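Inside the fold
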Amino acid sequence: MKILCIGDSNTYGYDPRSYLGDRYPAEVRWTDRLNGCDVLNYGVNGMTIPGGHSRYAGLIGMNDPDLVIVMLGTNDLFKSLSAEQIADRMEKFLDSIISEAKQILLVSPPVLEYGEWVMDDDLVDESQDLGGAYRELADRKGCLFADSAEWGIEMTYDGVHFSPEGHAVFAQKLG
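Heads up: these notes are all about the structure in this document. Bear in mind that the values here come from a model prediction, so they are computed numbers and not experimental data.

So, on to the pairing of strand 5 (residues 144–147). Relative to strand 5, strand 4 (residues 104–108) runs parallel, the two sharing 4 bridges. Residue pairing across strands places Leu 106 opposite Phe 145, the latter belonging to strand 5. Between the parallel elements strand 4 and strand 5, the chain passes through helix 5 (residues 121–141) in a crossover that is right-handed.

This is the structure in structure tokens:
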């Protein structure tokens, strides 16, 4: 199965112990743990939900994946957007790629945890609401849905990024 992944630093495999944007080794990253799958990883550190027409429709059309996994929204929370506003942005993004994709799996990111990057109650609260908003959106758009907030993903000290164990659990739950 060919899978194209669109996401932020947790899809990219960012190692928060690095100051230069380094990644965890392939054997740690969830995208490289999906056994038997050919995975195209388009995770980008700091990525927010693309607005308007994006390059992703072309990438999907060019690569013809069996499944497109989209996990975005965490960085949008840091721009003081509500879960509802983020879901509205996600709907526009899905509209821009849905005609090219055979199947889309919309994944709601894990809930943010208090840590080095997360000290605001509003951030945690809105991240808790994102799963419900994305579930409704996926239902309306006919997409598959997974709420990784229900998976017990271990985060690092910053409250945002997956730990190596978090990547393992994420891959196992996704598989």
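Right, let's talk about the pattern of salt bridges for a bit. Summed over all chains, the structure comprises 9 salt bridges. Of the charged contacts in the structure, one is a salt bridge between Arg 17 and Asp 15, with a shortest N-O distance of 2.7 Å. Of the charged contacts, one joins Asp 76 and Arg 89 as a salt bridge, the two residues approaching to 3.7 Å between their closest N and O atoms. Of this pair, Asp 76 sits in helix 3 (residues 74–77) while Arg 89 sits in helix 4 (residues 83–97), placing them 13 residues apart in sequence. Each of Glu 91, Asp 95, Arg 140 and Lys 141 takes part in one network of salt bridges that share partners.

Among the structural elements, Leu 67 can be located in strand 3 (residues 67–71). The spatial distance from the C-alpha of Leu 67 to the C-alpha of Gly 46 is 23 Å, given a sequence separation of 21 residues. Once residues lying within four places of it in the same chain are set aside, the contact partners of Leu 67 are Met 1, Lys 2, Ile 3, Leu 4, Gln 103, Ile 104, Leu 105 and Leu 144.

With that settled, consider helix 6 (residues 164–174). All buried positions along helix 6 are accounted for by Gly 166, His 167, Ala 168, Val 169, Phe 170, Ala 171 and Leu 174. Residues of helix 6 that are buried in the fold lie against helix 1 (9–12), strand 3 and strand 4.

Quick notes on the rules
Residues numbered from 1 in each chain as written. Predicted model: local features only at pLDDT ≥ 70, side-chain atom pairs only at ≥ 80, totals over all residues. Heavy atoms only, no water. Pairing = 2+ DSSP bridges. Helix = DSSP H or I, 4+ residues; strand = E, 2+ residues; numbered from the N terminus. Right-handed = clockwise from strand over helix to strand, strands pointing away. Salt bridge = Lys/Arg side-chain N within 4 Å of Asp/Glu carboxyl O. Contact = heavy atoms within 4.5 Å. Buried < 20%, exposed > 50% of the residue type's maximum accessible area, 1.4 Å probe, protein only.

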